[in-house]
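Understanding the architecture of this molecule
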Amino acid sequence: MMTRRAFTAAASAALCAPAFAQPPPGGSPRLCDLAAARGLFFGAATNNYWQRDSDFTQALLDDCAIIVPEYELKRDLIEPVRGQYDFSASDALLSFARANELLFRGHPLVWYASNPPWLEDAVANAKDERIITDYIAAVCHHYRGQIHSWDVVNEAIEPADGGLRNSLWLKRFGPGYIETAFRAARQADPHALLVYNDYSLEEAGPVYDARRRATLDLLGGLKARGVPVDALGLQAHLSAFGHRIDQKVLREFLDAVGAMGLRILVTEHDVDDSDGPLDADARDAAVADISRRFLDVVLDNSATLGVLTWGLSDRYLKYDGTRDALLRGTPRKLPLDRNMMPTALHAALAAAFRGARGRHV
């Protein structure tokens, strides 16, 4: 049987394998190649766009070494009827990944949102934690040995609620539901990297300081009890004209995460360019600046494994239709624009990978 160490080594080797797609038009650098040169990976979230959009498919293969489903592994789609599992959409994405030598992430196993309508009452009336563990066992066994990493628990932190989010899971099972989920995931899939995933861990200010403290408290407690959590996922939904990033504070936080023996992944990166000027060049400059300020710190940490953006192309983004939005045009928050051409974020990612600390894989 392949050990988890061997599985991780094989995955890293795959990321550094020779490129299998042609370079993108115009000579733009392949982000996956730039990342792999530093012992990192780059990828993106996607749904089954590849089934109907050949331009998007080629762009995905040009730049990505790993993908994660946007929606297809959320519980409302996987278990719409209690005990009846539908893996058809996520299986299609996994088949695409395997056919094109891409690694595949799983997201998420336990979350307070995107659940089927029957679940909340079922949790409230559950006699034990099998409503968590049975689901995790079913999903992880289905994909056992095929998943690079699982977001086992997603967005459990909320300092305004006293540290942990007052979710359906916390109300019924207390804080122990998080430990239960990680232990169930490890039992069901011994090889996947098990990730705790959350947002707003990079901005400056007291509210975000509290989120970082609560996250360190959670992770430290899990590690002290021997819970098999392997990594922290930083969603990194940044705002070009919103909260700033204090690089010193972010560096200290990530150093504390790494000191626990945890790895770090950027799991859902994008940059919101709304609320800025109408001038496209100014918005692009702000997008690139905040992304670089974030990535330069994260990629300098030796615990970091790689970066995924939450989507690859602005082609499928929606905007609010207000006058300002119409004047600005569609958002430019992802590495490629509507025509699959590189954006300022693509350039920022490329520069960050070129400047990243190299590491052994």
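Everything below is about the structure printed above this text.
Thresholds, definitions, all that
- Residues numbered from 1 in each chain as written.
- Predicted model: local features only at pLDDT ≥ 70, side-chain atom pairs only at ≥ 80, totals over all residues.
- Heavy atoms only, no water.
- Helix = DSSP H or I, 4+ residues; strand = E, 2+ residues; numbered from the N terminus.
- Buried < 20%, exposed > 50% of the residue type's maximum accessible area, 1.4 Å probe, protein only.
- Areas by Shrake-Rupley, 256 points an atom, 1.4 Å probe, with all protein chains shown as cover.
- Phe/Tyr/Trp six-rings, centres within 6.5 Å; stacked < 30°, edge-to-face > 60°.
- Axes fitted to C-alpha atoms, helices over the stretch in contact; angles between N-to-C directions.
- Parallel < 35°, antiparallel > 145°, perpendicular 65-115°, else oblique.
- Contact = heavy atoms within 4.5 Å.
- Core = buried A, V, L, I, M, F, W, Y, C linked by side-chain atoms within 4.5 Å.
- Pairing = 2+ DSSP bridges.
- Salt bridge = Lys/Arg side-chain N within 4 Å of Asp/Glu carboxyl O.
- Expected span 1.5 Å × (residues − 1).
- Polar contact = N/O pair within 3.5 Å; in protein donor to acceptor, adjacent residues only side chain to side chain.
- Right-handed = clockwise from strand over helix to strand, strands pointing away.

Let's shift gears to the overall build of the chain. Scanning the chain from terminus to terminus reveals 14 helices and 11 strands. Of all 361 residues assigned to the chain, the portion counted as buried reaches 56%. With the model as given, the accessible surface of the chain reaches about 15000 Å², and the carbon-plus-sulfur share is 50%.

Here we take up the packing of aromatic side chains. A complete count under the given rule lists 9 aromatic pairs for this structure. Here Phe56 and Tyr316 contribute two aromatic rings whose centre-to-centre distance is 6.0 Å and whose plane-to-plane angle is 85°, an arrangement assigned as edge-to-face. With Phe56 in helix 3 (residues 54–63) and Tyr316 in the loop between strand 11 (304–309) and helix 13 (323–328), this pair connects stretches of sequence that are 260 residues apart. The class of Phe56 is buried, set by a relative accessible area of 2%. Their ring planes at 65° and their centres at 5.8 Å tell us that Trp111 and Tyr112 sit as a pair that is edge-to-face. Since its relative accessible area comes to 35%, Tyr112 is described here as partly exposed. One aromatic cluster is present, formed by Tyr85, Phe87, Tyr135 and Tyr143 through successive ring pairs.

In the contact formed by helix 10 (residues 206–224) and helix 11 (residues 247–259), the axes pass within 11 Å of each other and the chain directions differ by 10°. When the interaxial angle is binned, helix 10 and helix 11 end up roughly parallel. Residues Asp209, Arg212, Thr215 and Leu216 of helix 10 pack against Val249, Phe253, Ala256 and Val257 of helix 11.

This brings us to the environment of Ala156. Assignment of secondary structure puts Ala156 in the loop between strand 4 (149–154) and strand 5 (157–158). For Ala156, a relative accessible area of 1% corresponds to the buried category. The spacing of Ala156 and Ile178 is 22 residues in sequence and 8.3 Å in space, taken between C-alpha atoms. The contact partners of Ala156, leaving out residues within four places of it in the chain, are Gly163, Leu164, Arg165, Tyr177, Ile178, Tyr196 and Asp198.

On to the nonpolar core, then. Of all hydrophobic cores here, the largest spans 97 residues; its most connected members are Ile131, Trp150, Val153, Trp169, Tyr177, Tyr196 and Phe294. The contact partners of Tyr196, leaving out residues within four places of it in the chain, are Val153, Glu155, Ala156, Ile157, Phe182, Leu218, Leu219, Val229, Ala231, Leu232 and Gly233. Counting 12 residues, the second-largest nonpolar core is a separate cluster that includes Phe41, Leu193, Leu305 and Leu308.

All right, on to the pairing of strand 3 (residues 103–106) then. Taking every second residue as pointing to the same face, both faces of strand 3 are buried, with Leu103 and Arg105 on one and Phe104 and Gly106 on the other. Here strand 2 (residues 66–69) runs beside strand 3; their pairing, made up of 2 bridges, is parallel. When the bridges of strand 3 are listed, Ile66 appears paired with Leu103.

For the coordinates displayed, the defined rule picks out 17 salt bridges. Arg130 serves as the salt-bridge partner of Asp128, at 2.8 Å between the closest nitrogen and oxygen. Measuring nitrogen to oxygen at the nearest pair gives 3.0 Å for the salt bridge that ties Glu179 to Arg183. Separated by 4 residues within a single helix, Glu179 and Arg183 lie in helix 9 (residues 176–188), roughly one turn from each other. Residues participating in the shared-partner salt-bridge network are Glu158, Asp198 and Arg211.

Relative to the 16 Å expected for 12 residues at 1.5 Å per residue, helix 14 (residues 344–355) spans 16 Å between its end C-alpha atoms, a close match to the ideal helical length. In this structure, the buried side of helix 14 is in contact with helix 2 (31–36), strand 1 (41–46), helix 3, strand 10 (263–272), helix 12 (280–298) and strand 11.

Relative to the helices and strands, Trp50 is located in the loop between strand 1 and helix 3. The class for Trp50 is partly exposed, based on a relative accessible area of 25%. Measuring from C-alpha to C-alpha, the distance between Trp50 and Leu60 comes to 8.6 Å, with 10 residues separating the pair along the chain. Other than its neighbours up to four places away in sequence, Trp50 contacts Phe56, Thr57, Ala92, Leu93 and Phe96.

Now for the side chain of His107. Looking at the secondary structure, you find His107 in the loop between strand 3 and helix 6 (119–124). At a separation of 2.8 Å, a polar atom in the side chain of His107 contacts the side chain of Asp151. Not counting residues up to four positions away in its chain, the partners in contact with His107 are Val68, Pro69, Leu73, Lys74, Trp150, Asp151, Asn154, Asn197, Glu268 and Trp310.

Once that is clear, we can look at the pairing of strand 8 (residues 231–234). Here strand 8 shows two buried faces, one formed by Ala231 and Gly233 and the other by Leu232 and Leu234. Sheet topology places strand 7 (residues 193–198) next to strand 8; 4 bridges connect them, and they run parallel. Within the sheet, the bridge partner assigned to Asp198 lies in strand 8 and is Leu234. For the crossover from strand 7 across helix 10 to strand 8, the handedness is right-handed. Pairing of strand 8 with strand 10, which is carried by 4 bridges, proceeds in the parallel orientation. Paired with Gly233 across the bridge in strand 10 is Leu265.

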